[in-house]
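Residue strings, one per chain:
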Amino acid sequence: MSDTFDDLRDLYQEVILDHGRNPRRGRRLAAFDATAKGDNPMCGDRVQVFLKYGPDGAIADTGFEARGCAISVASADLMAETVTGRSQQDARALFAAFRELARTGRCPACDGALAEALERLQPLAGVHEYPSRVKCATLPWHALIAALDGAQEASSE
Amino acid sequence: MDSLPPPPLDVARVRADFPILAQKIRGKPLVFLDSAASAQKPRAVIEAMRAAMETQYANVHRGLHWMSERTTDAYEAARDAVAALMNARERNEVVFVRNSTEAINLVAYSYGALLRPGQAVLISGMEHHSNLVPWQLLRDRHGIELRVAPVTDAGELNWPAFENALADGKVGLVAITHMSNVLGTYTPVERIVRAAHAVGAKVLLDGSQAIVHRKVDVQALDCDFYAWTGHKLYGPTGIGVLWARRELLEAMPPFLGGGEMISSVTYARSTWAAVPHKFEAGTPAIIEGIGLKAAIEYVQALGYEAIAAHERALTEHALARLSDIEGLRILGAAQDRGGVVSFALAGAHAHDVATLLDRQGIAVRAGHHCAEPLMHRFGLESTARASFGIYTTREEIDVLADTLVRVREFFA
């Protein structure tokens, strides 16, 4: 592989290329309690998130269907991975921390209680240097929050 | 004498006229392959606009003072330049608008008001949203039918289907692109006009792309409306043109109301100014009009024949180089096509492709190109698109092709 795109390795880390190509949770759940769509009309990216809640209200399972670039699909997959098994409150806190990470590259919450989950999302921090791509990374999270809120469509940023 | 080919375009000299092309992007020379979205501006345009603001600027058509008279003359000279460029019968057939979108909305609103409920508007399956959504609005407001003539797998108008859509005589207006912004296809406009007129339908051509690459002669085309925008023809944003036959403009009700477009106003009623001013409410884009005139003069000095030959050579080269890349699919294979090539790369989303190209200083468009139904027709959500202009070089296309090979490896 040539070095032509070396400086893009921050954006397209191996984990992103891998999850973009082979998303682990890129499927519609057979049974779900909440679902919402996110849509970026500017570029045509579209994602639908499915959530199954446990008896305690925590997120027991997460799936998604996405149509979009490597970054949006990888972000949806890493999101699904990190929120599964967590409380709804934690998922919302992760969204806030991730949005900050994607927009600014900074992660004040990374030393806190959610450090481990945020570590998993860290490969996406590179998008902050590509303003036109930040929405690719955050779109699935907006759909997740909409699903948690009981809405059908994510309101776009 | 008229058998002599035009002198070829001196691309190095053209490039020297465009200050922005000297820029480097992240240390790499800018390879600007997004002219179909908006073209760069030659110094002549920039200077004309600057000079207007520095030496002769006031509002037009209303001042009785020297500055206003001079500015009015300069602005109206732009109308003459447009009329000459398009070979309009008369200058009053040239209406200045903001862009093609506004031109088409004007026709949809004002000519649309003359259509009777039950009549139909016929468009093609390769329209930009700007020549689709205004007709949907008219349909929902006015009870007309909207028909779509499909495109073939080669990205050309499906002629039998087009003729069939005209057959029942209900179509009052055909609104169709002159050149597709996605496929590069030129539509057979003379044939379209003949077929439409034969059943009593008027024809609007969306010339946003075509007028950049080809000489447009509205009398030879025999069309009824022709819409285009200045910023794709190396002119400024904020100014576009609707050309229409005078008798149609006179029959149509106004689009926007306000100053400029009236003859007299009382609380009971107002009467309208003569065309084209009836359709030019409010202070127009004065500086932009002056810039547009400079752009037209610049293009005419190069000559459409030389421009067309240059872009034909570039397009052939691009099609040859890109079709050699494994996994790359080019949209459309029209016989008659202009300097626009849309493509999809297997295993790589168009936005990722565009981001990687951008890192090498190469600017392409990625997305649905404001033509979602056409994308779906070809089973795609988005493509990348390289488009060429008078300043595009063969070497830039080689840079694109070489880089795309590496993009493919990156995502393999």
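What counts, and at which threshold
Residues numbered from 1 in each chain as written. Chains lettered and ligands numbered in written order. Predicted model: local features only at pLDDT ≥ 70, side-chain atom pairs only at ≥ 80, totals over all residues. Domains from an automatic or database assignment. Contact = placed C-beta atoms within 7 Å. Helix = DSSP H or I, 4+ residues; strand = E, 2+ residues; numbered from the N terminus. Pairing = 2+ DSSP bridges. Axes fitted to C-alpha atoms, helices over the stretch in contact; angles between N-to-C directions. Parallel < 35°, antiparallel > 145°, perpendicular 65-115°, else oblique. Left-handed = near helix turned anticlockwise from the far one by under 90°. Nonpolar A, V, L, I, M, F, W, Y, C, P; charged D, E, K, R; others polar. Buried ≥ 20, exposed ≤ 12 C-beta atoms within 10 Å, placed from the backbone.

### Digging into the domain arrangement of chain B
All names here are of chain B.
Phase 1 of the analysis: The domain architecture assigned to chain B consists of domain 1 (11–42 + 303–411) and domain 2 (46–300).
Phase 2 of the analysis: Once you take the C-alpha centre of each, domain 1 and domain 2 turn out to be 28 Å apart.
Phase 3 of the analysis: Taken residue by residue, the interface counts 28 residues in domain 1 and 27 residues in domain 2.
Phase 4 of the analysis: Counting residues per element, the ones that place at least two in the side of domain 1 that touches domain 2 are helix H12 (304–323), strand E14 (340–345) and helix H14 (372–377).
Phase 5 of the analysis: Here the side of domain 1 that touches domain 2 takes four residues from H12, the largest share from any one element.

### Considering the sheet that holds E14 of chain B
Residues and elements named next belong to chain B.
Phase 1 of the analysis: The four strands lie next to each other as E13-E14-E17-E16, forming an open sheet whose pairing is antiparallel. Two strands lie at the open edges of the sheet, namely strand E13 (328–330) and strand E16 (365–367), each paired on one side alone. For this sheet the average axis-to-axis angle between neighbouring strands, irrespective of direction, equals 30 degrees.
Phase 2 of the analysis: In terms of strand pairing, E13 meets E14 through three bridges, oriented antiparallel. If you follow leucine 328 over to E14, its bridge partner there is leucine 345.
Phase 3 of the analysis: Here H12 sits on the sheet in contact with E13, E14 and strand E17 (383–387), set at roughly 10 degrees to E14.

### Here's the deal with the packing of H12 of chain B against helix H15 (residues 394–411) of chain B
Residue and element names in this part refer to chain B.
Phase 1 of the analysis: Viewed as axis vectors pointing N to C, H12 and H15 meet at an angle of 20 degrees, and their least axial separation amounts to 10 Å. As far as their axial angle goes, H15 and H12 are roughly parallel. Both H12 and H15 take part in a crossing whose hand is right-handed. For the pair H12 and H15, contact is made by Leu314, His317, Ala318, Arg321 and Leu322 and by Arg394, Ile397, Asp398 and Ala401, respectively.
Phase 2 of the analysis: Here the contact of H12 with H15 is composed, by residue class, of five nonpolar, one polar and three charged.

### Side note on the interface of chain B and chain A
Phase 1 of the analysis: Facing 14 residues of chain B, the contacting portion of chain A comprises 15 residues.
Phase 2 of the analysis: Looking at the side of chain B that touches chain A, the elements that each hand over two or more residues are helix H13 (350–359) and H15 of chain B.
Phase 3 of the analysis: The greatest single-element share of the side of chain B that touches chain A, amounting to five residues, is contributed by H13 of chain B.

### Considerations on the pairing of strand E8 (residues 202–206) of chain B
All names here are of chain B.
Phase 1 of the analysis: Of all five residues that make up E8, five are buried, and the element is covered over most of its length.
Phase 2 of the analysis: Side chains Lys202, Leu204 and Asp206 project from E8 onto one buried face, and the interleaved Val203 and Leu205 project onto a second face that is buried too.
Phase 3 of the analysis: When strand E7 (residues 171–177) meets E8, the two strands line up parallel, connected through five bridges. Paired with isoleucine 176 across the strands is leucine 205, a residue of E8.

### Notes on the sheet that holds strand E3 (residues 59–67) of chain A
All names here are of chain A.
Phase 1 of the analysis: In space, the three strands of this open sheet follow the order E1-E2-E3, with antiparallel pairing throughout. What marks the edges here is a single partner per strand, and that holds for strand E1 (34–40) and E3. Averaged over neighbouring strand pairs, the angle between their axes works out to 15 degrees when direction is ignored.
Phase 2 of the analysis: Inspection of the sheet shows E1 paired to strand E2 (residues 45–53) by seven bridges, in the antiparallel sense. Across the sheet, residue alanine 36 finds its bridge partner in E2, namely valine 49.
Phase 3 of the analysis: Helix-sheet contacts for helix H5 (residues 134–149) involve E1, E2 and E3, and the interaxial angle to E1 is about 150 degrees.

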